[in-house]
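# Results of the structural survey
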4 protein chains.
Amino acid sequence: MTRYRDLGLSVGQLPPGPRNAITDVAGVTVGMTTLVDGDGPLRVGEGPIRTGVTVIVPHSRIRDEPVFAGCHRLNGNGELTGLEWVRESGQLTTPVAITNTHSVGVVRDALVAADVRHRDDATAFWSLPVVGETYDGALNDINGMHVRAEHVFAALDAAGPEVPEGNVGGGTGMICHDFKGGTGTSSRVANGWTVGALVQANYGRRERLTVAGVPVGEEIPTTEVSSAWDDAEALGTGSIIVILATDAPLLPHQCERLAQRATLGIARAGGAGEHSSGDLFLAFATGNAGKLRTYKAHRDPAPFDVTMLPDNEMSDLFWAAIEAVEESILNALVAAETLTGRDGITARALPHDRLVEIMTRYGRGPATAA
Amino acid sequence: MTRYRDLGLSVGQLPPGPRNAITDVAGVTVGMTTLVDGDGPLRVGEGPIRTGVTVIVPHSRIRDEPVFAGCHRLNGNGELTGLEWVRESGQLTTPVAITNTHSVGVVRDALVAADVRHRDDATAFWSLPVVGETYDGALNDINGMHVRAEHVFAALDAAGPEVPEGNVGGGTGMICHDFKGGTGTSSRVANGWTVGALVQANYGRRERLTVAGVPVGEEIPTTEVSSAWDDAEALGTGSIIVILATDAPLLPHQCERLAQRATLGIARAGGAGEHSSGDLFLAFATGNAGKLRTYKAHRDPAPFDVTMLPDNEMSDLFWAAIEAVEESILNALVAAETLTGRDGITARALPHDRLVEIMTRYGRGPATAA
Amino acid sequence: MTRYRDLGLSVGQLPPGPRNAITDVAGVTVGMTTLVDGDGPLRVGEGPIRTGVTVIVPHSRIRDEPVFAGCHRLNGNGELTGLEWVRESGQLTTPVAITNTHSVGVVRDALVAADVRHRDDATAFWSLPVVGETYDGALNDINGMHVRAEHVFAALDAAGPEVPEGNVGGGTGMICHDFKGGTGTSSRVANGWTVGALVQANYGRRERLTVAGVPVGEEIPTTEVSSAWDDAEALGTGSIIVILATDAPLLPHQCERLAQRATLGIARAGGAGEHSSGDLFLAFATGNAGKLRTYKAHRDPAPFDVTMLPDNEMSDLFWAAIEAVEESILNALVAAETLTGRDGITARALPHDRLVEIMTRYGRGPATAA
Amino acid sequence: MTRYRDLGLSVGQLPPGPRNAITDVAGVTVGMTTLVDGDGPLRVGEGPIRTGVTVIVPHSRIRDEPVFAGCHRLNGNGELTGLEWVRESGQLTTPVAITNTHSVGVVRDALVAADVRHRDDATAFWSLPVVGETYDGALNDINGMHVRAEHVFAALDAAGPEVPEGNVGGGTGMICHDFKGGTGTSSRVANGWTVGALVQANYGRRERLTVAGVPVGEEIPTTEVSSAWDDAEALGTGSIIVILATDAPLLPHQCERLAQRATLGIARAGGAGEHSSGDLFLAFATGNAGKLRTYKAHRDPAPFDVTMLPDNEMSDLFWAAIEAVEESILNALVAAETLTGRDGITARALPHDRLVEIMTRYGRGPATAA
């Protein structure tokens, strides 16, 4: 797997964390199940299959000890379940999952089931999981609904600090700026706090792709690297789901503010939040983990202390989020490999050599600072 | 089935439509599948089963011809999928379903499947259905997840103008103001427009139940009619989902305004939007049905005309919605019958004779005007 | 000044605080300037004047030590400045003022000026005050803009624990349910926490007024007590501004939840959030006062502790807010006295004897419990 | 006045309208009053004065014929009055004004007064104007409150199709990316529709300024062109107000979607929506002008037709808005001239020669296409 920085390129002004991944936020783990099977013409229910599921676990005790969270909608042609509960409570009470558009339900109920299994007594308990999606029907037999509960359980079991990128998990069948897209991650450190991002990048027009400010999409037209959409009766561009994590002790409204900054990272990469796009963002903060208890557990009426980051410190976290999202998208694009799906439709990878060549020509090549 | 007005009682100032149901809005149909099976101790996966699914179909061509819609959250300890799309597009593009909390996913994917089946060509198409829930785990084996896709298809097939109330559909296992709750519906006519409501009523404390302003809940304490929660290790009160329909030609922002008025109807019945409650409301308007096309179908870039109700007319529609919601709750309570569920837990019906007696004593009996 | 409970009547289930006023929340003070001058035909700029300004001061150091706050819009045909800052920061950083619709600006700038004067160094400082309004143009020469900065300063200087009600402050020229309306306040104690409300009540139709569930508005039609609107070429009904205060240690998102409950109190009194109504609500919580610092003062980047009320405790606070708002409206109506304004237009007081008689007839008279 | 394109530079992919200004949207006019007086040390109430007011008039009959509108908050450390009414009604019913933070009130009431004067009969009428602000206290005697009602009337009288840029109107005392900022405008044409933007740009850090993707801010550090903040005890960066106009027939929710795209234009220029920033956006659409009537005028209860742009067409409008906002910021920066304000604090202009030189070095110079 090649990442953006492996090409010698840079983006942004803040340093990434050690893994340059959402899992740089201590306690956060990520797991994926990737489903790739079959070739040739679409036969609904049979394949070809190019999909999967990604889970992000805020910390190992998330089902008992919620974290503060907030969300933002850039464009709502998509789904992220559980947001009414996030907005109301300011809390994330389950792992988060991302899959394809038509498998949100099965993944949601599987997270409920995992939540139930976790408890000795699941009576008088309910679960409202957060499950997002992007559309992979250009490559995948999306109406075959090949994601099953066992794939969610496997992703949960596999969750760890390593985050594969590109054609993996829920990002398997993605197309981004008319190149092969997918899963990407990155992180930034600011004032001792870490902000990590994970994206499922499925959005954007070719001519608008901007890499560290360089008009790469204009430089590599679809006449050079063909578009998957030419074959797919495209409806337009798809979506991007962004999950942001931080170890800073943010209150819910501060998480909501952070979530909106995903928009700015997407904008820097050339996104527009197009009509056909489901651009939904969740930000959670682990800095108060352990202080909150689930509804079922928390019967003590006494007020308790939580920690708050001074508002003045938010600005640097905002910038960290913007850069982490921007680089997550670039990582998804660089890591993704050319993939042929249903009906022979092919989404082609962003060519690394061309990318480096263009970046160099615009004064942003491997030898330059960000 | 007994309805509130069958007792000779009245509520509100506006006249109901001919059915006093959401289906008084022309074209709206409702279907339900009710699942009641088994008795005795809870065995997860086996039962007892006291649940179901309700579908509301805005009109027969909803999958091709969306209607304008809006939503409101009184309290978000619940789920109503698809709201980001409703908020972004101002449109409802699928039937709506309501079920129990842990079956939202399977019902959501079943609506997707129904949407796919409807089309000759479902490639380059996606579906973002609206599915809500309330918690029936006090009576039902909710973690057994007994609702299946076939139950959704059956409810869709059964959809018609008759709306059963009480222990039916998604409302089968409901508890409302510590009486047996369930599904309820009502309508109002104002200035020639019809506003209909359907509720899945599962919320509220006994002592707060107010019927047409009369403190019925105080008059019938749990020492007289026992509470199901005494046996159920209650977490507190549950939720209410409200679906509002109108034939008025409302624009999306007007639908959103209408949706918020569900709060006021609930308030009049004694609700509070408690912390444990998922009080989510959707309002749709059929007055522009036929003018809108789904994303896949609508390729013509030319602007088109839609009809708008003058803002001054909204106030009467607001009042119609408030009254329709209030009476829908009363209908759910009056129609629901005593039900024993898992572990012998029993939710007792609001006693009709006592209701009439109390109303009479407070000057709101059968002989009086509303 | 007569208050609702002075008539021997009761409403709600929770006990009020010692003053039954928003100032039962320790530290909260209220000040008013009432402007009544002239009689006869309207001469814009001359009068008659029937207006004023009300200020609510969360605590004496509010300009240096903000409090957490949140807001809600039931209907937005009105103004409450400063809400974008409340929503973003979750904080209230100034006193709150309420006046007439066309004097919001002068009052807003006066609060800025008061904020500037408070500081030794007001460079690199800005102020974003919260100022609300309701329309008093039926009685008042609203376009004469008679409220001046000095009236705001006087109200600030006069702020104390006593809260006059009825035709005072910003509530001087109000009309509510077609009776004379005005300023009202109330409070409730729940689980040791106090929730107080102050309303500027200018909304509602006669026939919808409900007092503790009793249809008082239907019982006193405008044929018995005439409507001011008959003379005033009414546009419909006006607005209600609600300010909620609590000493509970709520986080911003919890304040926002509390703010929405004002809707339910209004609903119980017969409000609908009509199109012509500006129903905007602010809730603040003093439980973390002293921990927060204004932007200018807070340069320390270290996280700090704030206190949070467990979510399970919110439900009782919600109910306290609902009851406090409901009784605040009743206090405004009972305290307000018949007032004649411009062009001889007269808004008539709710007749106390008739109110008691009707309440008694509906089983809610002085001898009965709430 | 020099504009960005006057330097031979380009940005974006869509063509601007004939004026490359918000007034390319037919009927939109802009007027400004610029207040510059005095030099030397700050004497509050005396000066130095570096401020003003800008008005944007959607069309000449705006007070009788509202336009659909929507808004968005990127960061709320600021004020834009009237937004609750915009959100509720989906309409803009007055001209829009922008001034300094502490003069919002006087400008707001002046717009009310202008609205009143416009009418033969202003009884039973109220006005809820939209007035925004950014902070100019680094250069201006902001606490002297030098903006008066007559300045607003003058700006209204002066409104026309020409839009001055830089140190003019409300933008007189602005600082943007640590260069002299101010007022800027631009437009784009997409599919026959025009989208125009006007910004009052007062935000951003030097090192983050990005011009058409080129890191101009990094290339011109404050060691080369000094920062005004070095002298001003900076609190951090300021704000940006964006007004978007289009002739497309957008419904209110579509306007709201358009408004959010201002965020993406700001992001492309290097903004972050920092904590101290009031980044509030309004979008209005003239495509239905003439169909709507003000509340006072509109007594006919009959539904009427309005025109809606198909949703599929929104994506190109989004991109037009993004580009127009980005270029408006660049125009503000290029047009603004070095200005010394109170206490000798100087905000220095972005040096045109250096800008061209840097753009050329990064492959985006005058000879290149965008």
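Owing to the predicted nature of the structure, the values given are computational and were not obtained by experimental measurement. (Residues numbered from 1 in each chain as written. Chains lettered and ligands numbered in written order. Predicted model: local features only at pLDDT ≥ 70, side-chain atom pairs only at ≥ 80, totals over all residues. Heavy atoms only, no water.)

## Quick notes on the relation of the copies chain B and chain C
Rotating chain B by 180° about the axis while translating it 0.0 Å along that axis superimposes it on chain C, leaving an RMSD of 0.0 Å. One copy is carried onto the other by what is essentially a two-fold rotation axis. For chain B, the minimum C-alpha distance to the rotation axis belongs to glycine 213 of chain B and amounts to 1.8 Å. A share of 100% of interface residues in chain B that are also interface residues in chain C marks the association as one of identical surfaces. (Least-squares fit on C-alpha atoms with pLDDT ≥ 70 in both. Contact = heavy atoms within 4.5 Å.)

## Observations concerning the interface of chain B and chain C
Facing 38 residues of chain B, the contacting portion of chain C comprises 38 residues. Considering only the surface of chain B that becomes buried against chain C, Leu264, His275 and Trp319 of chain B emerge as the three largest contributors, covering 18% of it. The tally of links from chain B across to chain C stands at 2 salt bridges. Where aspartate 316 of chain C meets arginine 205 of chain B, a salt bridge forms, and the shortest distance between an N and an O atom there is 3.3 Å. Linking chain B with chain C are 24 residue pairs in polar contact (both at pLDDT 80 or more), by the criterion used here. Contributing elements (two or more residues each) for the side of chain B that touches chain C: strand 3 (67-76), helix 5 (252-260), helix 6 (262-269) and helix 7 (314-335) of chain B. (Buried area = accessible area lost by both parts, 1.4 Å probe. Salt bridge = Lys/Arg side-chain N within 4 Å of Asp/Glu carboxyl O. Polar contact = N/O pair within 3.5 Å; in protein donor to acceptor, adjacent residues only side chain to side chain. Helix = DSSP H or I, 4+ residues; strand = E, 2+ residues; numbered from the N terminus.)

## Here's the deal with the environment of alanine 21 of chain B
Residues and elements named next belong to chain B. Within the secondary structure, alanine 21 is located in the segment before strand 1 (29-37). The class for alanine 21 is buried, based on a relative accessible area of 4%. A sequence separation of 141 residues divides alanine 21 from glutamate 162, and the C-alpha atoms of the two residues are 8.3 Å apart. (Buried < 20%, exposed > 50% of the residue type's maximum accessible area, 1.4 Å probe, protein only.)

## Quick notes on the confidence of the model for chain A
Averaged over all residues, the pLDDT of chain A is 95; the fraction at 70 or higher stands at 96%. Across the interfaces of the predicted complex, the ipTM metric reaches 0.97, alongside a pTM of 0.98. (pLDDT = per-residue confidence, 0-100.)

## As for the packing of aromatic side chains
Taken as a whole and judged by the stated rule, the model has 4 aromatic pairs over all chains. Between tryptophan 126 of chain A and tyrosine 135 of chain B, the aromatic rings sit 5.3 Å apart at their centres with planes inclined by 50°, giving tilted as the arrangement. Residue tryptophan 126 of chain A is located in the loop between helix 2 (104-117) and strand 6 (130-134), and its partner tyrosine 135 of chain B is located in the loop between strand 6 (130-134) and helix 3 (149-158); the two belong to separate chains. When sorted by exposure, tryptophan 126 of chain A lands in the same class as tyrosine 135 of chain B, which is buried. Over the ring of tryptophan 319 of chain D we find arginine 208 of chain A; its NZ or CZ atom is 3.9 Å from the centre of that ring. Its guanidinium or amino end placed over the ring of phenylalanine 318 of chain D, arginine 261 of chain D lies 3.7 Å from that ring's centre, counting from NZ or CZ. (Phe/Tyr/Trp six-rings, centres within 6.5 Å; stacked < 30°, edge-to-face > 60°. Lys NZ or Arg CZ within 6 Å of the ring centre and 35° of its normal.)

## Side note on the sheet that holds strand 9 (residues 182-190) of chain D
Pairing in this open sheet of 6 strands is mixed, and the strands run 4-3-12-11-10-9 (chain D) from one edge to the other. The sheet is open, and its two edges are formed by strand 4 (91-92) and strand 9 of chain D, each paired on a single side. (Pairing = 2+ DSSP bridges.)

## A look at the sheet that holds strand 2 (residues 49-57) of chain B
Residues and elements named next belong to chain B. The 4 strands are arranged 1-2-5-6 in an open sheet whose pairing can be described as mixed. Looking at the sheet topology across the chains shown, the edges are occupied by strand 1 and strand 6. In this sheet, adjacent strand axes meet at a mean angle of 15° when their direction is disregarded. Pairing analysis gives 5 bridges linking strand 5 (residues 96-100) to strand 6, with the strands arranged parallel. Bridge assignment links threonine 99 to a residue of strand 6, and that residue is glutamate 133. Strands strand 2, strand 5 and strand 6 of the sheet are contacted by helix 2 (residues 104-117), whose axis makes an angle of about 155° with strand 6. Across the face of the sheet, helix 3 comes into contact with strand 1 and strand 2 while running at roughly 140° to strand 1. (Axes fitted to C-alpha atoms, helices over the stretch in contact; angles between N-to-C directions.)

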